[in-house]
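Working through the structure, step by step
So you can see what is in the structure, the chains are spelled out below.
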Amino acid sequence: MSLINTWNFTKTIINWETIEKATHNIYRVVSVRPYIDKKGILPEGYSLTLMVTKDDYDYKLDKKGQPRENNLYQNFDATILSKKKLVKKGDIIRLLDFDSEHSFAINFDLILRFKDFELVQNQGTKVNA
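Residues numbered from 1 in each chain as written. Predicted model: local features only at pLDDT ≥ 70, side-chain atom pairs only at ≥ 80, totals over all residues. Heavy atoms only, no water.

1. Notes on the nonpolar core
Judged by nonpolar contacts, the single largest core of 19 residues is most densely connected at Leu48, Leu50, Phe76, Ile93, Leu95, Leu112 and Phe114. Elements with a contribution of two residues or more to this core: strand 1 (27-35), strand 2 (45-52), strand 3 (75-80), strand 4 (92-98) and strand 6 (109-122). Not counting the four nearest positions on each side in its chain, Leu95 is found in contact with Trp16, Glu20, Asn25, Tyr27, Leu50, Phe76, Ala78, Ile80, Phe114, Asp116 and Phe117. (Core = buried A, V, L, I, M, F, W, Y, C linked by side-chain atoms within 4.5 Å. Buried < 20%, exposed > 50% of the residue type's maximum accessible area, 1.4 Å probe, protein only. Helix = DSSP H or I, 4+ residues; strand = E, 2+ residues; numbered from the N terminus. Contact = heavy atoms within 4.5 Å.)

2. Overview of the packing of aromatic side chains
Inspection of the entire model under this criterion finds six aromatic pairs. With 5.8 Å between their ring centres and 20° between their planes, Trp16 and Phe98 make a pair best called stacked. Here Trp16 is found in helix 1 (residues 16-23), whereas its partner Phe98 is found in strand 4, with 82 residues between them in sequence. Per residue, the accessibility class of Trp16 equals that of Phe98, and both read buried. On the basis of an interplanar angle of 80° and a centroid distance of 5.2 Å, the ring pair of Tyr27 and Phe76 is categorised as edge-to-face. Taken together, the positions of Tyr27 in strand 1 and Phe76 in strand 3 put the pair 49 residues apart, joining distant regions of the chain. For Tyr27, a relative accessible area of 0% translates into the label buried. Residue Phe76 is classed as buried on the basis of its relative accessible area, which comes to 19%. Among the aromatic residues, those joined into a ring-pair cluster are Trp16, Tyr27, Phe76, Phe98 and Phe114. The ring of Phe117 carries the charged tip of Lys85 above its face, separated from the ring centre by 5.4 Å. (Phe/Tyr/Trp six-rings, centres within 6.5 Å; stacked < 30°, edge-to-face > 60°. Lys NZ or Arg CZ within 6 Å of the ring centre and 35° of its normal.)

3. Concerning the pattern of salt bridges
Applying the stated criterion across every chain, the model contains four salt bridges. We note a salt bridge from Asp77 to Arg33, for which the minimum N-O separation is 4.0 Å. One end of the pair, Asp77, is in strand 3; the other, Arg33, is in strand 1, with 44 residues separating them in the sequence. (Salt bridge = Lys/Arg side-chain N within 4 Å of Asp/Glu carboxyl O.)

4. Re helix 1
The set of residues buried in helix 1 consists of Trp16, Ala22 and Thr23. All buried residues of helix 1 project into a common sector of 130° when viewed along the axis, lining one side. Relative to its buried face, helix 1 has exposed residues pointing more than 90 degrees away, namely Glu17 and Lys21. Within two residues after helix 1, His24 carries a phi angle of roughly 60°, on the positive side. (Arc of directions from axis to C-beta.)

5. Things to note about the environment of Ile106
Here Ile106 lies in strand 5 (residues 104-106). The exposure class of Ile106 is partly exposed, given its relative accessible area of 45%. Put simply, Ile106 and Lys11 are 95 residues apart on the chain and 9.6 Å apart in space, counted from C-alpha to C-alpha.

6. A word on the environment of Thr6
Note on placement: Thr6 falls in the segment before helix 1. Here Thr6 falls in the partly exposed class, since its relative accessible area comes to 39%. Note: C-alpha distance between Thr6 and Lys85 (79 residues apart in sequence) is 40 Å.

7. Focus on the pairing of strand 3
Bridge count for strand 2 against strand 3 is six bridges, and the pairing is antiparallel. Bridging from a neighbouring strand, Ser47 pairs with Thr79 of strand 3. Relative to strand 6, strand 3 runs parallel, the two being bridged by three bridges. From the neighbouring strand, Ala78 faces strand 6, where its bridge partner is Leu112. (Pairing = 2+ DSSP bridges.)

Next up, the structure:
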């Protein structure tokens, strides 16, 4: 006999520091939607689709000895748990204050939550480099 409902006892940890280093933490905002936690636990914010603009991580070789493709220009979703700052499509941002407590992985999907972001470039106007 084996244990049942084992998902109650497991947690998949995301190593955000490695992702952040590989991608230089610079992303283009592809879309912005309001975020409201259905359970009412987390604060309101934004659900963002972001495009990776840099990726210099060494993904090693696949089983056939070929280099693995990196994540350059790939999209991913992230939630900002704050509405203190405005963000819009086309902005370039850095993600700040990774919320590891409320972030997790399901199969190969990452649920990434952050407490804040920093505007790097706004529609062609440099703010912070």
